[in-house]
Amino acid sequence: MSNLELTSRLDLAASTAPMPVPTVKRAMVPWRKLGRLSARSALLLALLALWELAPRLGLTDPAFLPPLSEVLQAGWDLAVAGQLYEHFEASLLRAFGGFAIAVVLFVPLGIAIGWYAGLANALSQIIEVLRNTAPLALLPVFILLLGIGEVSKVTMVVYSCAWPLLLNTIAAVKQVDPLLVKSARTMGATPLQLFAKVILPASLPTIFVGIRLASAAAMLVLIASEMVGAKAGLGYLIIYGQYSFLIPQMYFGVLAITTIGLLSNYGLESVERRFTRWRAPAAAL
Amino acid sequence: MSADAKELPKISFRQVRKEFAVRADGGSARHFVALDDITLDVAAGGFLTLVGPSGCGKSTLLDLLGGLTIPTGGTILLDGRPISGPGRDRGIVFQQYALYPWRTAVQNIEFGLEIAGVGARERREKALHYLDLVGLSAFADRFPQELSGGMKQRVAIARSLAYEPQVLLMDEPFAALDAQTREQLQTELLRIWRRTGTTILFITHGIDEAIVLGQRVAVMTARPGRIRQVFDIPAALHSETGDVRSLPLFGEVRYDIWSLLREEVARTQAARPARPPQSSPELAHVQS
């Protein structure tokens, strides 16, 4: 930004501000923001720098830990060859497909269990047994029953998403303030209105906790199942890279998974913020 | 009551009795009488306050009137017809406000109208009108957590008034507020009552509040909850201007009610069972 631009912007800011503020002080603000950002990212940047430098300086064996730039180059080559897209597509379809199916199935089921004590009573033991059976332990079972195609992988994702979704949704509905329900009933709300206008909005924040946990579970389980039996996907890319000694590719697969995790969490967080705007602190006004 | 006997009372309790089953230590069910032989009328447009020692069944009485529970015996009539369930002809204001935290002030007020199926534009108009009535026009788009306790209770009152119930039931609505805010809201409630002509049944544990607000004050006894006596409050204590609390008459009425209540509190404390069966989780409703 040129000095001229800077001054004209500052003039504008000063003229709209309710009280004249010394211009020098205002000029500090963007820099300070940048400073805070770099302070927060310093450790991460240092780690990436170390990744680049350590193999180059001979601190580690470049064959086992290639420099970051080589890893990114390998990723670029994969992208140019069109393979990267294929792997991403395969993994994302499985993860989001399974995740979406789980949300559609288990959020309503959780609401029903949370609302009807009888249903909770009937299902609580089977839920407790199943949720303590680690999903990955069931992977061979799913492959045996459903084959090594898409069905077994998506089922794995659905299964592992089910528990965080179910448990959080049940808890969410159970902890709805009974006074809010009572108040709506006195205003003559029908059971359907009670559900749509009170139970659901009151449960949403806790349901979202389950949704975020489920999205993390989806990726975890998917990568593991892609490592066992798949012809495409990021898990396959990693394990194939290891077997074929394409080490930079392997590391790129890891980075890709991190990126997907960060993006999906960011996306879910912004959806959550939209739905639960009312929880924002009053100071934000 | 002293009013014209031919005029139909708005609310009429006729020998109302309410029992709860209490799980005793041995596991066998025991019956606990929360309310017994409640007979009480509230005239149309009247303002009745109900005071009593804690645990005397005031809130049980209100739940019955709200149609949330059914009496074990006797009947409750609204305009001469027995109450069969909750309905928008009665609005309830709770002590803990019961506002929906995900709705703004104006959206909270719209809630009852939404339930009733009123169109969006009419709903908003009415909500804004009642928001104005409680003096909160400037706070229409605030969420409950951005409002003070007094403001929240104003929104709750506006919400109950918005669907224009004939009866407003208030369960210790000002108990959680500080003294100044409480007094302010008492004055406003009286103003709103005079303007809307709504019949109000107001539950409180404060004698002063009962006298300042009520045309009549019903004093309840505890275990079982019964109506001990109904005081007619002299009209001089309801002047719209001036501090009624400083009048000698106020002191006299206050003393009468206070003596009666003290007698009751002393009596219930003497007769207190080893484990008072008053906490609600132990109570299972008996519906007959």
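Right above here is the structure, for reference.
Procedures and definitions
Residues numbered from 1 in each chain as written. Chains lettered and ligands numbered in written order. Predicted model: local features only at pLDDT ≥ 70, side-chain atom pairs only at ≥ 80, totals over all residues. Helix = DSSP H or I, 4+ residues; strand = E, 2+ residues; numbered from the N terminus. Contact = placed C-beta atoms within 7 Å. Buried ≥ 20, exposed ≤ 12 C-beta atoms within 10 Å, placed from the backbone. Pairing = 2+ DSSP bridges. Axes fitted to C-alpha atoms, helices over the stretch in contact; angles between N-to-C directions. Core = buried A, V, L, I, M, F, W, Y, C linked by C-beta atoms within 7 Å. Left-handed = near helix turned anticlockwise from the far one by under 90°. Nonpolar A, V, L, I, M, F, W, Y, C, P; charged D, E, K, R; others polar. Parallel < 35°, antiparallel > 145°, perpendicular 65-115°, else oblique.

Brief notes about the overall build of chain A
Part 1 of the reasoning: A tally of regular secondary structure across chain A gives 11 helices and zero strands.
Part 2 of the reasoning: Sequence-ordered secondary structure for chain A, helices as α and strands as β, is α-α-α-α-α-α-α-α-α-α-α.
Part 3 of the reasoning: When contacts within chain A are restricted to residue pairs at least 6 apart in sequence, those whose partners lie at least 24 apart make up 67%.

Here's the deal with the overall build of chain B
Part 1 of the reasoning: If you tally the helices and strands in chain B, you get seven helices and 11 strands.
Part 2 of the reasoning: For chain B, with 288 residues in total, the buried portion stands at 42%.
Part 3 of the reasoning: Considering only contacts in chain B between residues 6 or more positions apart, those separated by 24 or more positions represent 72%.

Thoughts on the sheet that holds strand E7 (residues 167-171) of chain B
All names here are of chain B.
Part 1 of the reasoning: Pairing within the open sheet is mixed, and its six strands lie in the order E6-E7-E8-E3-E9-E10. Two strands bound the open sheet, and with one partner strand each, they are strand E6 (90-93) and strand E10 (226-232). Geometrically, the sheet is characterised by an average inter-axis angle of 20 degrees between neighbouring strands, direction not taken into account.

Some details on the environment of Leu43(A)
Residue and element names in this part refer to chain A.
Part 1 of the reasoning: Here Leu43 shows up in helix H2 (residues 23-56).
Part 2 of the reasoning: With 9 C-beta atoms packed within 10 Å, Leu43 lands in the exposed category.
Part 3 of the reasoning: Between the C-alpha atoms of Leu43 and Val129, which are 86 residues apart in sequence, the distance is 42 Å.

Some thoughts on the nonpolar core
Part 1 of the reasoning: Counting residues in hydrophobic clusters, the biggest one holds 123 residues, and the most contacted among them are Val157(A), Cys161(A), Leu165(A), Ala218(A) and Leu201(B).
Part 2 of the reasoning: Counting residues per element, this core draws most heavily on helix H7 (residues 150-174) of chain A, at 13 residues.
Part 3 of the reasoning: Beyond its immediate chain neighbours, meaning those up to four positions away, Val157(A) contacts Arg94(A), Ala95(A), Gly98(A), Phe99(A), Ala218(A), Val221(A) and Leu222(A).

Some points on the pairing of strand E9 (residues 216-221) of chain B
Residues and elements named next belong to chain B.
Part 1 of the reasoning: Most of E9 sits out of view: six of its six residues are buried.
Part 2 of the reasoning: The alternating pattern of E9 places Arg216, Ala218 and Met220 and Val217, Val219 and Thr221 on opposite faces, both of which are buried.
Part 3 of the reasoning: Sheet analysis places strand E3 (residues 47-51) next to E9, joined by four bridges and oriented parallel. Of the residues in E9, the one forming a bridge with Leu48 is Arg216.

Here we look at the interface of chain A and chain B
Part 1 of the reasoning: The interface is formed by 13 residues belonging to chain A together with 18 residues belonging to chain B.
Part 2 of the reasoning: Sorting the residues of the side of chain A that touches chain B by element identifies helix H8 (178-186) and helix H9 (191-228) of chain A as the ones contributing at least two each.
Part 3 of the reasoning: With six residues, H8(A) is the largest single contributor of residues to the side of chain A that touches chain B.

What to know about the packing of helix H6 (residues 135-146) of chain A against H7(A)
Residue and element names in this part refer to chain A.
Part 1 of the reasoning: Two numbers describe how H6 lies on H7: the axes approach to 9 Å, and their chain directions differ by 145 degrees. Between H6 and H7 the crossing geometry is right-handed. Contact residues: Pro135, Leu138, Leu139, Phe142, Ile143 and Leu146 in H6; Val151, Ser152, Thr155, Met156, Tyr159 and Ser160 in H7.
Part 2 of the reasoning: Here the contact of H6 with H7 is built from residues that sort into nine nonpolar, three polar and no charged.

Describing the packing of H6(A) against H9(A)
Residue and element names in this part refer to chain A.
Part 1 of the reasoning: Two elements in contact, H6 and H9, have axes separated by 11 Å at closest approach and are oriented at 40 degrees. Looking at the two axes, H6 sits oblique to H9. Considering how the two elements wind past one another, H6 and H9 form a crossing that is right-handed. Between H6 and H9, the residues in contact are Pro135, Leu136 and Leu139 and Val221, Ala224, Ser225 and Val228, respectively.
Part 2 of the reasoning: Of the residues in the contact of H6 with H9, the class split is six nonpolar, one polar and no charged.

Some words on the pairing of E7(B)
All names here are of chain B.
Part 1 of the reasoning: When you tally the buried positions in E7, you get five out of five residues, the bulk of the element.
Part 2 of the reasoning: A two-sided burial pattern is seen for E7, the buried positions comprising Val167, Leu169 and Asp171 on one face and Leu168 and Met170 on the other.
Part 3 of the reasoning: Examined bridge by bridge, E6 and E7 share four bridges and lie parallel to one another. Within E7, the position partnered with Val93 by the bridge is Met170.
Part 4 of the reasoning: With five bridges connecting them, E7 and strand E8 (residues 199-204) associate as parallel partners. Note that in E8 the partner of Asp171 across the bridge is Ile203.

Looking at unusual backbone geometry
Part 1 of the reasoning: The phi torsion at Phe245(A) lies on the positive side, around 55 degrees, for a residue other than glycine.
Part 2 of the reasoning: Among the residues examined, Phe245(A) registers 9 C-beta atoms within 10 Å and is labelled exposed.
Part 3 of the reasoning: Despite not being glycine, Asp37(B) shows a phi value in the positive range, around 55 degrees.
Part 4 of the reasoning: You can see Asp37(B) is positioned in strand E2 (residues 29-42).

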